[in-house]
Each structure stands twice: as C-alpha cells, then as structure tokens.
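Spelled out from the first residue to the last, the chains are:
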Amino acid sequence: MESYRYQQLAYLIVPLTTGVEFFLTARADRRTSGKESSRAVIMDALGYVFLGIIPALFLFTIYSLENHRLPLLAQVLHRLDHYGVMFFFFGAWWQVFLITSLRARRAADGNGKLLVNVWLPYLVFGAFISALILWVAPWNLMWVSFAWFVGTFILFAAVGVSSSRLSKIYLVLAILGLICENILFIVIDAIV
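It should be emphasised that the depicted structure is a prediction, and the values quoted were computed from it without experimental measurement. (Residues numbered from 1 in each chain as written. Predicted model: local features only at pLDDT ≥ 70, side-chain atom pairs only at ≥ 80, totals over all residues. Heavy atoms only, no water.)

## Observations concerning empty space enclosed by the protein
Evaluation of the coordinates by the stated rule reveals one cavity of 30 Å³ or more. Residue lining of the largest cavity: Val96, Ile99, Thr100, Arg103, Val118, Pro121, Tyr122 and Phe125, and that is the complete set. Put simply, the parts of the chain that give the lining of the largest cavity at least two residues each are α4 (74–108) and α5 (114–134). Residue composition of the lining of the largest cavity, grouped by class: six nonpolar, one polar and one charged. (1 Å grid on protein atoms, 1.4 Å probe; cavity = no way out; pocket = protein on both sides within 12 Å on 5 of 7 lines; lining within 4 Å. Points joined across faces, edges and corners; volume = space filled by probe spheres on them. Helix = DSSP H or I, 4+ residues; strand = E, 2+ residues; numbered from the N terminus. Nonpolar A, V, L, I, M, F, W, Y, C, P; charged D, E, K, R; others polar.)

And the structure:
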C-alpha cells in the first residue's frame, strides 16, 4: 500500500469527528427548542454522510484498488480515488472550520467554556491536518497552515468574539473553503 493511503486512513478522524459534531449539535438543537426541527433533521442527515458514507467510500475504494478487486470498474474506481484524494488534501481545512462552527454553536447555547470546548479542539485539529497533509510540502506550507490556525485563534480570542458570532464566522469560512476547494479541484482536474 502506498504511503498516502496511510495518510488517508489517519485523515478519516476528521470526517468522523465532523459527523459526531453534527449529531451532537442536532441533539443540542432538539434539547433547546424542545421539538423536532428541520435543522436538526438536516444535521442528522449530514452526520450520517460524514460518519458513514464518506469513510465507506474511502475504505471501499482503497480496498478495491489496492487488492485489484473489480477489474472491470478499475477506471471508475481510479476516478473515485482521485476525487477522494482531492477531498482528503483540500477538504481538511473547511471540515475543521465546520467542526469549530458546530462546537461554537453549542457553546453559544451555554454548554461550556469557549477555550476548552472550541479553541483547544480547533488548535489540535489544525496541528493534526497541517502535519498530516503538509509535512512534506514545499515552502514550509505546514508551518503556514499551523500559523493560520494559531493566528486566527489569537485574533478572535483577543478581540473577544462571542460564541454565536464565532459560529457564523467559521460557518462562512467552511462554505468559502468548500467553494474554493471545488474550484481548485476543477482547475487541477482540467490540467491533469
């Protein structure tokens, strides 16, 4: 198995955590509103996507390609693997922003301290994906990425941004990251 496959397997921590965060936020939403809302149902559905479908596609594709299963679908599996690797390399940042947004949303509802419940996981996931994805990247990109996470933490902590505003800021960053990831992916896919 190629070395980047092990990185992909380690990376699965990020979408699995995103799925769990969606479930926890949906439960907190139900608890605060006292009823079933469409927002909670959508968050549950997204939780299943991140906790079940994305890891299943990763594992299925890796297993099929590495063990030469389904030879008639090899081209389709290589394309799916190509999308999976791009999702792995470009998707980590917006998913960490999404995790931070969901955690800040729950903290805004009065579920704990901002430093422990929001900022500490943000910095840990930032260091994790910076080291996992960019440890051999040129131009010291690993340290640039890590500096981004530490810098945004210092900026928002120094300014004293509230939990609800922090949730909105990181949701916008996650959406912008997702859009930029897809634009970059289309450009790279056209070149390669």
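That shown, we press on.
## Some points on the side chain of Gln95
Looking at the element boundaries, Gln95 is found in helix α4. When its relative accessible area of 0% is taken as the criterion, Gln95 is described as buried. Contact partners of Gln95, with chain neighbours within four places excluded, come to Tyr11, Val14, Pro15, Thr18, Phe50 and Phe87. (Buried < 20%, exposed > 50% of the residue type's maximum accessible area, 1.4 Å probe, protein only. Contact = heavy atoms within 4.5 Å.)

## Thoughts on the nonpolar core
The biggest cluster of nonpolar side chains holds 37 residues, and the ones touching the most others in it are Trp93, Ile129 and Leu166. Among the secondary structure elements, those contributing two or more residues to this core are α2 (13–33), α3 (38–66), α4, α5, α6 (141–159) and α7 (163–191). In terms of residues, this core owes the most to one element, α4, which gives eleven residues. Contact partners of Leu166, with chain neighbours within four places excluded, come to Ala104, Leu114, Val118, Trp119, Phe156 and Val161. (Core = buried A, V, L, I, M, F, W, Y, C linked by side-chain atoms within 4.5 Å.)

## Overview of the side chain of Asp81
Its place among the elements puts Asp81 in helix α4. The exposure class of Asp81 is buried, given its relative accessible area of 8%. Apart from residues lying up to four places away in sequence, Asp81 is in contact with Tyr4, Arg5, Gln8, Thr61 and Leu65.

## Observations concerning the pattern of salt bridges
The tally for this structure, following the rule as stated, stands at six salt bridges. Note that Arg105 is salt-bridged to Asp29, the shortest N-O span being 3.5 Å. Of this pair, Arg105 sits in helix α4 while Asp29 sits in helix α2, and the two are 76 residues apart along the sequence. With its nearest N and O atoms 2.2 Å apart, the salt bridge here joins Asp44 to Arg30. Of the two residues, Asp44 sits in helix α3 while Arg30 sits in helix α2, which places them 14 residues apart along the sequence. Shared partners join several salt bridges into a network, and the residues in it are Glu21, Arg103 and Arg106. (Salt bridge = Lys/Arg side-chain N within 4 Å of Asp/Glu carboxyl O.)

## Examining α6
Between its first and last C-alpha, α6 extends 27 Å over 19 residues, near the 27 Å set by a 1.5 Å rise per residue. The positive-phi residue at the C-terminal boundary of α6 is Gly160, with phi of around 80°. (Expected span 1.5 Å × (residues − 1).)

## Overview of the packing of aromatic side chains
Going through the model one piece at a time under the given rule, you end up with 15 aromatic pairs. Here the aromatic rings of Tyr11 and Phe58 are separated by 6.0 Å at their centres, their planes lie at 40°, and the arrangement is tilted. Separated by 47 residues along the polypeptide, Tyr11 in helix α1 (residues 3–11) and Phe58 in helix α3 bring together distant segments of the chain. Grouping residues by exposure puts Tyr11 and Phe58 together as buried. Their ring planes at 45° and their centres at 6.2 Å tell us that Phe97 and Phe149 sit as a pair that is tilted. (Phe/Tyr/Trp six-rings, centres within 6.5 Å; stacked < 30°, edge-to-face > 60°.)

## What about the environment of Pro121?
Inspection of the secondary structure puts Pro121 in helix α5. The class of Pro121 is buried, set by a relative accessible area of 17%. Distance in space between the C-alpha atoms of Pro121 and Val96 is 9.1 Å, their sequence separation being 25 residues. Apart from the residues within four sequence positions on either side, Pro121 is in contact with Arg103 and Val116.

## Quick notes on unusual backbone geometry
The residue His68 is not glycine, and still its phi comes out positive at about 55°. We classify His68 as exposed; its relative accessible area is 67%. Within the chain, Leu70 stands out as a residue other than glycine whose phi angle is a positive 50°.

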